[in-house]
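# Architecture and fold: a report
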Amino acid sequence: NRPVYSNLNFPELTRYQQVSQGYHTFAVVGNGYTYVRKSMYIGDGMATIAIINSSTGLDLTLIADTTCPMSNANACFRVCNLAYYSGPVNAAIGNVYFNSVQFKDAASFSPFNAGSYLLSVSRSARPETTLVTTPVILNPRRIYTAYVLNWNPSPDTIQTLLVEDRRN
């Protein structure tokens, strides 16, 4: 029953907001219209609520933002597929492969040495064709999620949104 954020554009995110553990109702509203309203359970850890496309229009999904053990020189990285029109995706960064990440799923975190990498994303359907490649810089003691998003209804129109979590 309180606004969390206004004027959110695609692809944009907000800072974490503290809420109590339990069920909360989230809504996406604009121009006097409620696009989606959904009750979701927030556990005892951190989470991201994402606005996504679905077969019935806009929807909300919860992504658990777990931690990843790391040393002072390492970072952690994962991929989260929010590209409704693309189906499962594969992602490769360095010598780590995230295979067949399903829509609304986040892969497990993998530790990386801090440094520069190329992230390549492809649909997992054969033949596997790279859809986007983007440079990524991983800083030490940071947690990263690369969100895979569609920017229109074509399955090959994807982009990535890299989020650096500075909890540690």
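Let me sum up the structure you'll find in this document. Predicted model only: the values in this text are computed from it and were never measured.

Next up on the list: the environment of Asn81. Take Asn81: it is sitting in strand β5 (residues 74-81). Since its relative accessible area comes to 0%, Asn81 is described here as buried. As for Asn81 and Asn150, which are separated by 69 residues in sequence, their C-alpha atoms are 9.6 Å apart. Residues within four places of Asn81 in sequence aside, it is in contact with Gly87, Pro88, Val89, Val101, Gln102, Phe103, Lys104, Asp105 and Val148.

Grouped together as the largest cluster of nonpolar side chains are 21 residues, with contacts concentrated most on Phe77, Ile93, Phe98, Leu119 and Leu138. Going through the elements one at a time, β5, β6 (89-93), β7 (96-101), β9 (115-123), β10 (130-138) and β11 (143-150) are the ones with two or more residues in this core. Contact partners of Phe98, with chain neighbours within four places excluded, come to Phe77, Arg78, Val79, Val89, Asn90, Ala91, Ile93, Ala107, Ser108 and Ser110. By size, the runner-up hydrophobic cluster in this structure holds 8 residues, among which are Ile52, Cys80, Tyr147 and Leu149.

Tallied over the full model, the rule gives 1 disulfide. Residue pairing for Cys68: its cysteine sulfur links by disulfide to Cys76, the two sulfurs lying 1.9 Å apart. The S-S bond linking Cys68 to Cys76 shows a torsion near -70°; that makes this disulfide left-handed. Its relative accessible area of 8% is what places Cys68 among the buried residues. Judged by its relative accessible area of 0%, Cys76 is buried. For Cys80, which is in no disulfide, the shortest distance to another cysteine sulfur is to Cys68 and amounts to 16 Å. Its relative accessible area of 0% is what places Cys80 among the buried residues.

Further remarks concern the sheet that holds β5. Paired through backbone hydrogen bonds, the strands of a sheet run either parallel or antiparallel to each other. Reading across the sheet, the 4 strands line up as β8-β5-β11-β12 and stay open at both edges, with mixed pairing between neighbours. Either end of the sheet is taken by a strand with one partner, and the two such strands are β8 (110-113) and β12 (158-165). Taking the axes of each pair of neighbouring strands and ignoring which way they run, one obtains an average angle of 30° across the sheet. Bridge count between β11 and β12: 8 bridges; the pairing is antiparallel.

An order of β7-β6-β9-β10 is seen for the 4 strands of this open sheet, with the pairing classed as antiparallel. Looking along the sheet, the strands with just one partner apiece sit at the ends: β7 and β10. For this sheet, the mean inter-axis angle between neighbouring strands, taken without regard to orientation, is 15°. Where β6 and β9 come together, 5 bridges link them in antiparallel fashion.

Moving on to the packing of aromatic side chains. Tallied over the full model, the rule gives 7 aromatic pairs. Ring centres of Tyr23 and Tyr41 lie 5.1 Å apart, and the angle between their planes is 65°; on these two criteria the pair is classed as edge-to-face. Taken as a pair, Tyr23 in strand β1 (residues 22-30) and Tyr41 in strand β2 (residues 33-42) lie far apart in primary sequence, 18 residues in all. A relative accessible area of 64% means that Tyr23 is categorised as exposed. Here the aromatic residues Phe77, Phe98, Phe112 and Tyr117 are joined through ring pairs into a cluster of three or more.

About the cut-offs
Residues numbered from 1 in each chain as written. Predicted model: local features only at pLDDT ≥ 70, side-chain atom pairs only at ≥ 80, totals over all residues. Heavy atoms only, no water. Helix = DSSP H or I, 4+ residues; strand = E, 2+ residues; numbered from the N terminus. Buried < 20%, exposed > 50% of the residue type's maximum accessible area, 1.4 Å probe, protein only. Contact = heavy atoms within 4.5 Å. Core = buried A, V, L, I, M, F, W, Y, C linked by side-chain atoms within 4.5 Å. Disulfide = S-S within 2.5 Å. Pairing = 2+ DSSP bridges. Axes fitted to C-alpha atoms, helices over the stretch in contact; angles between N-to-C directions. Phe/Tyr/Trp six-rings, centres within 6.5 Å; stacked < 30°, edge-to-face > 60°.

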